[in-house]
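Coordinate analysis (summary)
What follows is each chain in one-letter form.
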Amino acid sequence: ESHISKQGEVNAGVQLVASSAPGQEIPAHPDELTFEPIVFEPPSAAEHRHVLKNGMVVFIAEDKALPLVNISLTLRVGSWLDPEGREGLASFTGSQMRRGGTKSLTAEELDERLDFLATQASSGIGSTSGGASLNCLTDTLDESLALFVEMLREPRFQEDRLELAREQSLQAMKKRNDDSGDIESREWNVLLNGEDHFTNRFTTEASLKAITRDDLAAFHREFVHPSRMIAAVSGSFETAEMLERLEKAFAEWPGEPAEVTPVPDTIDPAAPGLYRIEKDVNQGRVSIGLPGVKRDHPDVHALEVMVDILGGSGFTSRITTTVRSNEGLAYDARAGMSFGVWYPGRFRATFQSKSPTVARASELVLEEIRRIRDEGVSADELATAKASLVETFPSSFNSRARSMAIFASDEYTGRDPGYWASYRDKIRAVSLEDVQRVARTHLLPEKMILLVVGNQEAIDEGDPKHAVTLESLAPGGKVTVLPLRDPMTMQMP
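Keep in mind that this is a model prediction, so the values were computed, not measured.

For the coordinates displayed, the defined rule picks out 31 salt bridges. Note that Arg86 is salt-bridged to Asp215, the shortest N-O span being 2.9 Å. Placement of the pair is Arg86 in the loop between β3 (68-75) and α1 (89-99) and Asp215 in helix α7 (residues 213-223), with a sequence separation of 129 residues. Relative accessible area serves as the criterion here: at 30%, Arg86 is assigned to the partly exposed category. Salt-bridge contacts for Asp111 lead to Arg98; the nearest nitrogen and oxygen are separated by 2.9 Å. Pair noted here: Asp111 is in helix α2 (residues 107-116) and Arg98 is in helix α1, with a separation of 13 residues, a long-range link. The exposure class assigned to Arg98 is buried, which follows from its relative accessible area of 16%. A cluster of three or more residues bridged by salt bridges with shared partners is formed by Arg98, Glu108, Asp111 and Arg161.

Okay, here's the thing in structure tokens:
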């Protein structure tokens, strides 16, 4: 993940200014260009934070460049609350708030009215949070906001729309094993988090058929309430007037939200080793990694720099250079590290390669992991990685909508308010010794999990130029063959 942790985004007005004055001779090479330092300070969440009478936290920023209003809500709800035997209930509740109509409007009437107003509205619930958004013209804000709040407060959960969603999900379920990328992503999450982790409580044919309209209504009534929402609002309006609108729109919401168990904070990863899944495709998919740390760990900034050098998205990273540029074994080879909010994140190196070269490419990735542990990195590599992270930092705050989204996400997850102000200084402070220390501490080859999805027979034929086999790379010598799950029950044979 990037330093923004995929969580959000201020109209910073940042400019990159070349130091060459007008009329000055153009340098012979781009490397000779010089630029003035970027001057940027991230905005303060406290300056945009408001609390409504009902307890809803709201972050507001005026942005009058266009006659639009954006409202994005984060809901404290998620699939970890799904009852046993009704996996998928949270997801269905989230989608059907928007798709299933409102108390006064059928689903068709709601669609038609929103289209007439040129208003976009959506809702959904994921594994650890829910969301709803509204985008409308300033001139239609009053009616659009009224429809949006009715959609959230009094969803109709229209039966035919629910049945349509159920049928679409069942049809999609049949294709769960069609794509090797889907298989890899699913089983990687199982291996890293554990079979019983709530993110791996899969929807099944039985669980979807067990969900009723009454279940959706009860789930909504129990968990969807303004006091469990955080709003990010930006657009063409006056702040005081917008606050007044929101107070009125969300006032007198019936009921109180239930006290719920927190998101589970532990994982149960599989044992280190090689895990093989048969899929008849001409390229093997490989993931190599192990569980990581949560975002409040003191090593996160050094880890971010280290993994950028090892396998970041740029073409200068070691894994990309070795596997793609030098050896030509994969079009896209990279590594990343996520820092968990609720439970530990993970390190993951991943690539696709032709079946005969899967083992060789895997060997090269593992060699790069060992090399950064044993040899560290060069001063030039460190400088390049730190400059990239520091100089791209302002782009994370390139609009008021993104900025308010960051603040709402931080409020929801309880991030340290000083994180953004100190981020660049902490990246600059990372030393060569820090990079090697965190590599040695957190990248443990003997604890790696190696997942390979593809034509196993073709992979085992290998590359005649290199005698390496997958089994020889298996951490701890452990090799496990995983059968494909039944797509409708998600049980393994």
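So, about the pairing of strand β5 (residues 130-137). The side-chain alternation of β5 yields one buried face, formed by Gly130, Ala132, Leu134 and Cys136, and one unburied face, formed by Gly131, Ser133, Asn135 and Leu137. The pairing of β3 with β5 spans eight bridges and is classified as antiparallel. Residue Leu68 lies in a different strand from β5, and its bridge partner there is Leu137. Remark: four residues form the turn of the hairpin made by strand β4 (residues 120-125) and β5, two consecutive strands paired antiparallel.

Definitions and limits used
- Residues numbered from 1 in each chain as written.
- Predicted model: local features only at pLDDT ≥ 70, side-chain atom pairs only at ≥ 80, totals over all residues.
- Heavy atoms only, no water.
- Salt bridge = Lys/Arg side-chain N within 4 Å of Asp/Glu carboxyl O.
- Helix = DSSP H or I, 4+ residues; strand = E, 2+ residues; numbered from the N terminus.
- Buried < 20%, exposed > 50% of the residue type's maximum accessible area, 1.4 Å probe, protein only.
- Pairing = 2+ DSSP bridges.

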